[in-house]
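Spelled out, the chains give:
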Amino acid sequence: MNRYICIHGHFYQPPRENPWLEAVELQDSAYPYHDWNQRITAESYAPNTAARILDTDRKIIDIINNYSKISFNIGPTLLSWMERNSPEIYQAILDADTKSRDRFSGHGSAIAQVYNHIIMPLANTHDKRTQILWGIKDFERRFKRYPEGMWLAETAVDVETLDILAECGIKFTVLAPRQAHRVRKIDGGRWKSVKDAKVNPKMPYRCHLPSGRSIALFFYDGPVSRDIAFGGLLENGETFANRLMSTFTPDDGTPQLVHVATDGESYGHHHQFGDMALTYCLYHLESHDLAHITIYGEFLEKFPPTYEVEIFENSSWSCIHGVERWKNNCGCNSGGHQDWNQEWRAPLRGAFDWLRDSILKIFEEQTRLFFNDPWKARDDYISVILDRRRENVERFIKENQVKEISHEEKVKIIKLFEAERQAMLMYTSCGWFFDEISGIETVQIIQYAARAIQLIHEVSGISFQEPFVGLLERAPSNISTYKNGAQVYKALVEPSILDLARVGVHYAVSSLFHEYSDTTELYSYHIKSIRYERMEAGKQKLAVGTVSVLSDITLEEIVISFAVMYLGDHNIVGGVRTFGGDEAFTAMYEEIKNIFKKSLIPDLIHAVDKHFSSHSYSIWHLFRDEQRELLDEIFKDTSMEIEVSFRQVYDRYYPVLQAMEGYTIHLPRHFSAVIEFVLNTDLRRTLETEPIDLENFEKLVQEVKRWQVRLDTITLNYIASNRVEQLIQKCALVAHDSSLFTSPIELLRLLGRLPVKLDLWKSQNIYFTVGKDLKQTMQQERDHGNGQAQKWLECFEELGNFLKVRIG
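In short, a report on the structure. (Residues numbered from 1 in each chain as written. Predicted model: local features only at pLDDT ≥ 70, side-chain atom pairs only at ≥ 80, totals over all residues. Heavy atoms only, no water.)

**A closer look at the packing of aromatic side chains**
Okay, step 1: Applying the stated criterion across every chain, the model contains 40 aromatic pairs.
Okay, step 2: Both rings, one in Phe 363 and one in Phe 417, keep their centres 5.2 Å apart while their planes meet at 80 degrees; by these two values the pair is edge-to-face. Of this pair, Phe 363 sits in helix α10 (residues 345-367) while Phe 417 sits in helix α14 (residues 407-425); the two residues are 54 residues apart in sequence, bridging distant segments of the chain.
Okay, step 3: Ring centres of Phe 371 and Phe 417 lie 5.9 Å apart, and the angle between their planes is 35 degrees; on these two criteria the pair is classed as tilted. (Phe/Tyr/Trp six-rings, centres within 6.5 Å; stacked < 30°, edge-to-face > 60°. Helix = DSSP H or I, 4+ residues; strand = E, 2+ residues; numbered from the N terminus.)

**Re the packing of α14 against helix α16 (residues 440-460)**
Okay, step 1: Their axes nearest at 8 Å, the elements α14 and α16 cross at an angle of 155 degrees. Considering the angle they form, α14 stands roughly antiparallel to α16. The element α14 and its partner α16 pack so that their crossing is left-handed. Residues Lys 412, Lys 415, Leu 416, Glu 418, Ala 419, Gln 422, Ala 423 and Leu 425 of α14 form the contact with α16, whose participating residues are Ile 445, Tyr 448, Arg 451, Ala 452, Leu 455, Ile 456, Glu 458 and Val 459.
Okay, step 2: Here the contact of α14 with α16 is built from residues that sort into 10 nonpolar, 1 polar and 5 charged. (Axes fitted to C-alpha atoms, helices over the stretch in contact; angles between N-to-C directions. Parallel < 35°, antiparallel > 145°, perpendicular 65-115°, else oblique. Left-handed = near helix turned anticlockwise from the far one by under 90°. Contact = heavy atoms within 4.5 Å. Nonpolar A, V, L, I, M, F, W, Y, C, P; charged D, E, K, R; others polar.)

**Some points on the pattern of salt bridges**
Okay, step 1: In total, this model carries 49 salt bridges according to the counting rule given.
Okay, step 2: Between Arg 213 and Glu 167 there is a salt bridge, with its nearest N and O atoms 3.8 Å apart. Taken together, the residues span a long stretch of sequence, with Arg 213 in the loop between β10 (205-208) and β11 (214-219) and Glu 167 in helix α5 (residues 159-167) at a distance of 46 residues.
Okay, step 3: Under the relative-accessibility criterion, Arg 213 is labelled partly exposed at 32%.
Okay, step 4: Two residues, Glu 364 and Arg 368, come together in a salt bridge whose shortest N-O distance is 3.1 Å.
Okay, step 5: Judged by its relative accessible area of 43%, Arg 368 falls in the partly exposed class.
Okay, step 6: Connected through shared salt-bridge partners, Glu 22, Arg 388, Glu 418 and Arg 421 make up one network. (Salt bridge = Lys/Arg side-chain N within 4 Å of Asp/Glu carboxyl O. Buried < 20%, exposed > 50% of the residue type's maximum accessible area, 1.4 Å probe, protein only.)

**Remarks on unusual backbone geometry**
Okay, step 1: Going from Glu 690 to Pro 691, the amide bond is cis rather than trans, its omega being -5 degrees.
Okay, step 2: By secondary structure assignment, the location of Pro 691 is in the loop between α24 (669-688) and α25 (694-707).
Okay, step 3: A positive phi angle is found at Thr 155, which is not glycine, with a value near 50 degrees.
Okay, step 4: Tracing the sequence through the fold places Thr 155 in the loop between β6 (150-151) and α5.
Okay, step 5: Notably, Tyr 523 is not glycine yet its phi reads approximately 55 degrees, a positive angle.
Okay, step 6: Mapping Tyr 523 onto the fold places it in the loop between β15 (519-522) and β16 (525-537).
Okay, step 7: Tyr 523 sits in the partly exposed class, given a relative accessible area of 26%.

**Focus on the nonpolar core**
Within soluble globular proteins, side chains that are nonpolar tend to cluster in buried spots.
Okay, step 1: Within the largest apolar cluster, 170 residues are counted, with the highest numbers of intra-cluster contacts made by Ile 5, Ile 7, Phe 240, Leu 244, Phe 352 and Phe 468.
Okay, step 2: It is α16 that contributes the most residues to this core, 11 residues altogether.
Okay, step 3: Those residues in contact with Phe 352, other than ones at most four positions away along the chain, are Met 426, Tyr 427, Trp 432, Ile 445, Ile 446, Ala 449 and Phe 468. (Core = buried A, V, L, I, M, F, W, Y, C linked by side-chain atoms within 4.5 Å.)

**As for the side chain of Ser 71**
Okay, step 1: In this structure, Ser 71 sits in strand β4 (residues 71-74).
Okay, step 2: Once you skip the residues sitting within four places of it in the chain, Ser 71 turns out to touch Cys 6, Ile 7, His 8, Gly 9, Ser 109, Ile 111, Ile 295 and Tyr 296.

**Some points on the pairing of β16**
Okay, step 1: Here 4 bridges tie β15 to β16, and the two strands are oriented antiparallel to one another. Among the inter-strand pairings, Thr 519 is bridged to a residue of β16, identified as Lys 528.
Okay, step 2: Where β15 hands over to β16, the hairpin turn is made up of 2 residues, of which Tyr 523 adopts a positive phi near 55 degrees.
Okay, step 3: Both β16 and strand β17 (residues 540-551) contribute to a ladder of 12 bridges, which runs antiparallel. Each bridged residue has a counterpart across the sheet, and for Arg 534 the counterpart in β17 is Ala 543.
Okay, step 4: Counting the residues between successive antiparallel strands, the hairpin from β16 to β17 contains 2 residues, one of them, Gly 538, with a positive phi of roughly 65 degrees. (Pairing = 2+ DSSP bridges.)

**What about the side chain of Glu 148?**
Okay, step 1: Structurally, Glu 148 can be placed in the loop between α4 (125-143) and β6.
Okay, step 2: Taking relative accessible area as the criterion, Glu 148 reaches 12% and is therefore assigned buried.
Okay, step 3: Residue contacts for Glu 148: discarding those within four places in its chain leaves His 107, Gly 108, Ile 170, Lys 171, Phe 172 and Gly 297.

**As for the sheet that holds β10**
Okay, step 1: The 6 strands lie next to each other as β7-β11-β10-β14-β8-β9, forming an open sheet whose pairing is mixed. Of all strands in the sheet, those bounded by a partner on one side alone are β7 (172-175) and β9 (192-193).
Okay, step 2: Packed on one face of the sheet, α5 meets β7, β10, β11 and β14 (307-311) and runs near 115 degrees to β11.

What follows is the structure in structure tokens.
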């Protein structure tokens, strides 16, 4: 058989990491989605390990097997986030690549990616090399092998990038068909134009480079890839398989590779149940022996290129104008705002290029005071990014230094390299991809720029903020509120800027409401309490102390003193300053403590102003997530008062409401609001109570149906999904006890009567694992007359029906 099929999924959805915290802040997400990023990333941007129920004539396949059967790349920043926040899925990805090597003649299904998804043709040579080397080193650390291929962000390409890839030992990359310019046989002959996507995608091509090196290029099948991403091809797995098969050229005796490449989000996020279609497509192809499933590395080894190709430079897969989408108002956008323009792109790119070059000069000049080769050291700095342990940082510095270096100089060196890292992160492609400069993606990359500015100012005393913001004034916003990029910076970026003192502020204010141990990890900072005392007088609280704040990233450390007071409601006042010695601290402490005991609020505020001058702070200086949590805490008593009032109205007038229902009199709107509030509250509370009272829950479901209550489905979807998962996890812990199936079965039955949309993939995983481990054993025991095994199988199958999972 000479027919081969390769399916490639490109997974890149950078988590919105705060560049000062080195962590995801959920910020304005609603209460029910406090683990929003974990839920979305695990479900949509990584292999979903949930077993799914397919049609009766289809075979269930653990979806993780797909990732050992297809080619894929996952961005390093996303993998890093998953490693910390979703370790089971992260490990499943690594295991899939390991498994693929057995399937594909020693070749792994994963390929690398340029580090943070920058548009390579628009990068300078130094950044191109670092992006490639960082991508390789990150891949090696995770997958324990050298990558054969590398994905280019948006498949944006130029010859210099290909040459550096080849120099670094990368064997191939994947491009769009319209990026091929002309082809000819390797052994000579005339060049043939293949512009307008007329290249034959069923073979690899050799691209010879100016250095004398070469690299293999695969041009994916454009029409089929578009149908996967934007058409309805993922509505049916068999249709998907047949579409791939129809692409082969009949009666061609040469090996043919039909291969497609799309964003991995197509399989389950952009197209619901797209993962199921992929599963069945692969099953159908294999079970009917229609084609060999392969990956690029294996096919390249078996069938080296017989044709060479020249590319269109500065081209990409997502901009028909080349790479203009990332530097100009070319007309490419999301299509969601037809009356908007992207005139902001060019000024933003210009501002970034100016900032990059300005930082570069300081980086090279300052680093040469300590290191022989700043650029080699920058390429090696990925080892520090991947392992922030102090001993590893010391190793990096020792391997590159030309003289003995003090701790203060080490902090300076790390800040210089971090400034360079941020200066590359600010070019992450999604910042230009969409429509508006105030969009979250663009604000994110401007935050990276702000962090780079801050770091360079700290090491050199030179501030680029004012001229940078001046350049942003040239970038017009489509939203009148912001006017231009300078206003976006001041409104959406500047408030996020942190220093060690403000981290101390966060610790001090939040310590009024949370107990901290003597040593606390706060995002990328370590805080050690040296002296701390908290006092309370009714609702009022006072915290006074001294702490050290250490950055795990830069190794910088300061010691600060603080005094913060909660005066009730949202009123918090306080101050933070560099520790000025025991005598000054004691004087401040005694004065503020004595005033607090007398409840002299004006005098307290005056004392804070006196001791901390302009370094006073409030609740608005907390990190965004903690602002929300603290406001929830502050409003807890008020919320309870509201609930008591609503419940009194509900209980008092319930008989009247019943009578009105009997007379078919429409309920007044304010009474409907009371019923809605009480029933939503009771549903949520019942789901959160241990053990769950299913009898009471059924009564609540009946009341909801009776009064046609509008449910808070966002909250209930989340809480109910978690509760189902908890109950099924209990079943897994004592897997032989069929009685434990009763609660999840009954809860799922009752939830089926409500307009909720459950997220069951974790529950499905647990169920599937139990079934694989126990079902066959139980069937054997049933066949030998074991009645308990028969009962277990009946309950297990009933639960599977609710979960929509069938195990053969």
